[in-house]
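# Commentary on secondary and tertiary structure
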Amino acid sequence: MRKQKKIVVFSGAGISAESGLDTFRDSGGLWANHNVEDVATPNAWIKNKNLVLDFYNKRRKHAFNAKPNIAHHCIASLEDSFEVQIITQNIDKLHERSGSSNVLHLHGEIDMVKSTGTNKIYKHGNKDVLNGDLCPDGHQLRPHVVWFGEDVPNMNKAMSIISSADVLIITGTSLNVFPASNIIFYAPKMSVKYLIDPSNVRIKDIDNLIVYKEKASVGIPKIVDKLLTGNL
């Protein structure tokens, strides 16, 4: 029987932005001076593989050079006292690098690649992926990311995780990327829910929601302190 409270953290690009990584929704649909449709869709891959690969090679280097910030570290510290599961839309692995051990990636992982022929996933590290790089079965490798217009393989697992949360922490997400944004509604009605974001994120029809209109680096330490001192 589970004794510890289960804390689920649902994180988005805002928490990584404080570590210097680009977001796109704050810049009119542009991501590092690219239209998202040109670098993060299946059609973009068909149209110009070299452009897509170059874009993600740069994202990979930026991610590896970035460092977890205080929000990442505070979330990781919760594991000393609670059962903690992170569900993230981010591909940068900053949660893991801060010490978090239970992280589910909804949109892929920047240090992994996927075979375009078999969908097998391979560890790739910080190396570039080039046109002509093949998997052992002879198929072109692509970034292991979920592009706009593709299914999200971990959605059912995420819904299952969030459905048993005692506390849900939502941070760094505009809740505009579907279907990922819908999973918060699978949290139990009586669970305590915290939303930390400086923008006007609107959530309708959700019970027990406490809003901190602050950046993750400011709001997360406050909530972690409340959780650790029992002041839910």
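The preceding data block contains the structure.
Residues numbered from 1 in each chain as written. Predicted model: local features only at pLDDT ≥ 70, side-chain atom pairs only at ≥ 80, totals over all residues. Heavy atoms only, no water.

### Regarding unusual backbone geometry
Rules: Counting from the N terminus, the helices are DSSP H or I runs at least four residues long and the strands are E runs at least two residues long.
Residue lysine 93 is not a glycine yet carries a positive backbone phi of 70°. Within the secondary structure layout, lysine 93 lies in the loop between β4 (83-88) and α6 (94-97). Backbone geometry at asparagine 208 places phi at a positive 55°, although glycine is not the residue there. Within the secondary structure, asparagine 208 is located in the loop between β10 (192-196) and β11 (209-212).

### Focus on the sheet that holds strand β7 (residues 121-123)
To keep it simple, the criterion reads: Between any two strands, at least two bridges found by DSSP are needed for them to pair. To get an axis, fit a line to the C-alpha atoms, keeping to the stretch in contact for a helix; angles then go from 0 to 180 degrees between the N-to-C directions. Note on contacts: a residue pair qualifies if any of its non-hydrogen atoms lie within 4.5 Å across the two residues.
Strand order in the open sheet formed by three strands is β7-β6-β8, and the pairing between neighbours is antiparallel. Pairing within the sheet leaves two strands with one partner each, and these edge strands are β7 and β8 (141-145). Here the average twist between neighbouring strands, direction ignored, is 45°. Bridge analysis of strand β6 (residues 108-115) against β8 gives four bridges, and the strand direction is antiparallel. Paired with glycine 108 across the strands is valine 145, a residue of β8. In the packing of helix α4 (residues 49-65) onto the sheet, contacts are made with β6 and β8, and the angle to β6 comes to roughly 145°.

### Some points on the layout of surface pockets
For the record, the criterion: Cavities and pockets are defined on a 1 Å grid built over the protein atoms alone: a cavity is a set of grid points where a 1.4 Å probe fits but cannot escape, while a pocket is an open set with protein on both sides within 12 Å along at least five of seven lines, and lining residues are those with an atom within 4 Å of any such point. Grid points are joined across faces, edges and corners, and a volume is the space filled by probe spheres set on the points.
Here the second largest pocket defines a volume of roughly 220 Å³. Looking at the lining of the second largest pocket, the elements with two or more residues in it are β5 (103-105), β6 and β8.

### Some remarks on the packing of aromatic side chains
Put simply, the rule reads: Stacked, tilted and edge-to-face are the three classes assigned to paired rings of Phe, Tyr and Trp, where Trp is represented by its six-membered ring and a pair needs centres within 6.5 Å; plane angles under 30 degrees give stacked, over 60 edge-to-face, the rest tilted. Summary of the burial criterion: residues with accessible area below 20% of their type's maximum are buried, those above 50% are exposed, and those between are partly exposed, where the area comes from a 1.4 Å probe applied to protein chains only.
Applying the stated criterion across every chain yields a total of four aromatic pairs. When the ring of tryptophan 45 is compared with that of tryptophan 147, the centres are 5.7 Å apart and the planes differ by 35°; the resulting orientation is tilted. One end of the pair, tryptophan 45, is in helix α3 (residues 42-47); the other, tryptophan 147, is in the loop between β8 and α7 (155-162), with 102 residues separating them in the sequence. When sorted by exposure, tryptophan 45 lands in the same class as tryptophan 147, which is buried. On the basis of an interplanar angle of 90° and a centroid distance of 5.0 Å, the ring pair of phenylalanine 55 and tyrosine 56 is categorised as edge-to-face. An identical accessibility class is assigned to phenylalanine 55 and tyrosine 56; each is buried.

### A word on the side chain of asparagine 57
To keep things clear, this is the line we draw: For the purposes of these results, a polar contact is taken to be a pair of N or O atoms within 3.5 Å, where, inside protein, one atom must be able to donate a hydrogen and its partner to accept one; residues adjacent in sequence count only when each atom of the pair is a side-chain atom.
Within the secondary structure, asparagine 57 sits in helix α4. Within polar-contact distance, the side chain of asparagine 57 engages the backbone nitrogen of valine 129 at 2.8 Å. When residues no more than four places from it in sequence are discounted, the contact partners of asparagine 57 are Asp128, Val129 and Leu130.

### A closer look at α7
Let me state the cut-off plainly: It is the directions from the helix axis to the C-beta atoms that the arc portrays.
Taken as a whole, α7 has its buried residues at Met155, Ala158, Met159, Ile161 and Ile162. Down the axis of α7, the sector holding all buried residues measures 160°, keeping them to one side. Looking at the buried residues of α7, the elements they touch are β1 (6-11), β4, β5 and β9 (167-171).

### As for the pattern of salt bridges
Spelled out, the test is: The salt bridge definition used is simple: a Lys or Arg side-chain nitrogen within 4 Å of an Asp or Glu carboxyl oxygen.
For the structure shown, the criterion picks out nine salt bridges. Residue aspartate 128 pairs with lysine 61 through a salt bridge whose shortest N-O separation is 3.5 Å. Placement of aspartate 128 in the loop between β7 and β8 and of lysine 61 in helix α4 is noted, with a sequence separation of 67 residues between them. Residue class for aspartate 128 comes out partly exposed when judged on its relative accessible area of 34%. Connected through salt bridges with shared partners, the residues Lys93, Glu109, Asp111 and Lys123 form a single ionic network.

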